[in-house]
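# Coordinate inspection notes
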Amino acid sequence: MSKNVLSITDQRTGQQYEIPIENGAINAMRLREIKVDENDFGLMSYDPGFKNTASTKSTITFLDGGKGILRYRGYPIEELAANSTFLETAYLLLFNKLPNEAELKQFVHDVKHHTMLHENTKKFMEGFRYDAHSMGMLVSTLASLSTFYPKAKNIHDPEKRKLQMIRLLGKMPTIAAYAFRHTLGMPFNYPDNEYSYTGNFLQMMFRMTEKKYEVNPILERALDVLFILHADHEQNCSTTTMRVVGSSNADPYVAAASAAAGLYGPLHGGANEMVLRMLREIGSVKNIANHIKRVKSGEIRLMGFGHRVYKNYDPRAKIIKNIADQVFEVTGRNPLLDIALELERIALNDEYFINKKLYPNVDFYSGIIYEALNLPVEMFPVLFAIGRMAGWLAQWEEGLLDKEQAIARPRQLFLGDEKRTYVPISKR
Ligand code: CMC
């Protein structure tokens, strides 16, 4: 008869242990019962990069990397991308249900009500060097918001928590647009709540001398869908950072700043920037073969390919490829697209990539779209962060309300020196 139990025999002692299996996992603390003697600390599991460690139970995002499935709160990403808006999706992630008309109207109103930044935040941003990376500006400005909202420390008060979450969603596009305008040396455009969330972002980015910026509805929708696609992706590096920092009961602004820092890296949200740099470096379809050769020799990685959990085509990449076509009808075709398409075609037919199950990920095409929108590469991860803020906040709150959670504090396997005696510098 099958039992949901893992039987372990410790060959060191001959002892047998029965550990219950729940939801396809064992509780790691049960391993501590496995000891050679009373003084033994107990067995630990060793898992650098948390490749096989579930750090939490969650009801937010379901992801099956083998089958290429992604669902937010049960809704397939394809259906949300086709029918939802970013703010509706953010509501879904935060409150675990699709809002009715009145709820959505109120939510959109509330988020828009918090799009303005304190004038001192503006001054703070003006202090960055002219060539400051947009992600550096985002990370620091998010952290600085903590000083403007000291009540955000009341993380156990549901109303205060909700207010900060709405504020963070509202202020993200404004911080992002200010970072962009700073790089251009252009005056900042204040939020205009007559636009949609994404339309307002576009006007803050691109309005010049005209009184009213005309938002192109195709580009507005494309960007909104990109925000939806990036909104959550369960326990990735930045989300884990959000939860880890949140687990110390830090306020959500500093936690979000840490999450954004995690996203900055080229192996995570910085990958779309790296994809574009790579496509530019390749420069022409005729240079692709040589680039693939370098990838296969292990010299470089094919940016925008591969994923820790997707061992199949990233479902978001499929949707983005379609959006790219719509965007290029407005902006004209980006010549880098031809290089990307050919690179993808070759990689998908090459043994190296097939055997390692390396498929295009979300970042492979998003960068080409952002470039078509006239955005510099430094802004790419910032756009990723605008969408991901919804997921960070939902995951942060879920972590706080989870009674099984505790401050994140992993163990280590200490392999350093035993006790040594300090030697004065003159004797070394
Ligand atoms: N190009 C060439 N080889 C690769 C690539 C790649 N992009 N990705 C993985 N591999 C190889 C790797 O060399 C390794 O080979 P071997 O087994 O011979 O040592 C094998 O595939 C497994 O790689 P890994 O690094 O152990 O896999 P991982 O799950 O730790 O890494 C990854 C996942 C996303 C960091 C990695 O695939 C990568 O570096 N990709 C390029 C960067 C990128 O596009 N990142 C964006 C990820 S999607 C956006 C997001 O969610 O943040």
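So, here's what we can say about the structure. (Residues numbered from 1 in each chain as written. Predicted model: local features only at pLDDT ≥ 70, side-chain atom pairs only at ≥ 80, totals over all residues. Heavy atoms only, no water.)

## Re a nonpolar patch on the surface
Residues Phe41, Met44, Tyr46, Leu413 and Leu415 make up a contiguous nonpolar surface patch of about 580 Å² in total accessible area. Inspection of the secondary structure assignment puts Leu413 in the segment after helix 17 (380-401). (Patch = residues over 30% accessible without salt bridge, like charges linked within 9 Å, V, L, I, M, F, W, Y side chains within 5 Å. Areas by Shrake-Rupley, 256 points an atom, 1.4 Å probe, with all protein chains shown as cover. Salt bridge = Lys/Arg side-chain N within 4 Å of Asp/Glu carboxyl O. Helix = DSSP H or I, 4+ residues; strand = E, 2+ residues; numbered from the N terminus.)

## A short note on the environment of Gly304
By the secondary structure assignment, Gly304 is in the loop between helix 12 (288-296) and helix 13 (315-331). Apart from residues lying up to four places away in sequence, Gly304 is in contact with Val275, Tyr359, Pro360, Asn361 and Phe364. (Contact = heavy atoms within 4.5 Å.)

## Thoughts on the packing of helix 5 (residues 134-148) against helix 10 (residues 252-264)
In the contact formed by helix 5 and helix 10, the axes pass within 7 Å of each other and the chain directions differ by 165 degrees. With respect to helix 10, the axis of helix 5 lies roughly antiparallel. Relative to helix 10, the crossing made by helix 5 is left-handed. Residues Met135, Gly136, Leu138, Val139, Leu142, Ala143, Leu145 and Ser146 of helix 5 touch helix 10, and the partners they reach there are Tyr253, Val254, Ala256, Ala257, Ala260, Ala261, Leu263 and Tyr264. Split by residue class, the contact of helix 5 with helix 10 holds 14 nonpolar, two polar and no charged. (Axes fitted to C-alpha atoms, helices over the stretch in contact; angles between N-to-C directions. Parallel < 35°, antiparallel > 145°, perpendicular 65-115°, else oblique. Left-handed = near helix turned anticlockwise from the far one by under 90°. Nonpolar A, V, L, I, M, F, W, Y, C, P; charged D, E, K, R; others polar.)

## A look at the site of the ligand
Around the ligand lies a shell of 20 residues, among which His268, Arg301, Leu302, Arg308 and Lys356 are the nearest. A distance of 2.4 Å separates an oxygen atom of the ligand from a polar side-chain atom of His268. Gly304 places a main-chain nitrogen or oxygen 2.8 Å from an oxygen atom of the ligand. Coverage of the ligand by the protein chains reaches 75% of its 930 Å² of free accessible surface. (Near = heavy atom within 4 Å. Polar contact = N/O pair within 3.5 Å; in protein donor to acceptor, adjacent residues only side chain to side chain.)

## Brief notes about the packing of aromatic side chains
Applying the stated rule across the entire model yields 15 aromatic pairs. Between the aromatic rings of Phe180 and Phe206, the centroid separation amounts to 5.6 Å while the plane-to-plane angle is 75 degrees, which identifies the pairing as edge-to-face. Pair noted here: Phe180 is in helix 6 (residues 158-184) and Phe206 is in helix 7 (residues 197-206), with a separation of 26 residues, a long-range link. The exposure class of Phe180 is buried, given its relative accessible area of 3%. Taken together, the aromatic side chains of Phe305, Tyr352, Phe353, Phe364 and Tyr365 make up a single cluster linked through ring pairs. (Phe/Tyr/Trp six-rings, centres within 6.5 Å; stacked < 30°, edge-to-face > 60°. Buried < 20%, exposed > 50% of the residue type's maximum accessible area, 1.4 Å probe, protein only.)

## Description of the sheet that holds strand 5 (residues 75-76)
What the three strands build is an open sheet, ordered 3-4-5; its pairing is antiparallel. Edge strands, defined here as strands with exactly one partner in the open sheet, are strand 3 (61-64) and strand 5. Across four bridges, the pairing between strand 3 and strand 4 (residues 69-72) is antiparallel. Counterpart to Phe62 in the pairing with strand 4 is Arg71. (Pairing = 2+ DSSP bridges.)

Geometric descriptors of this kind do not, in isolation, establish any biological role.
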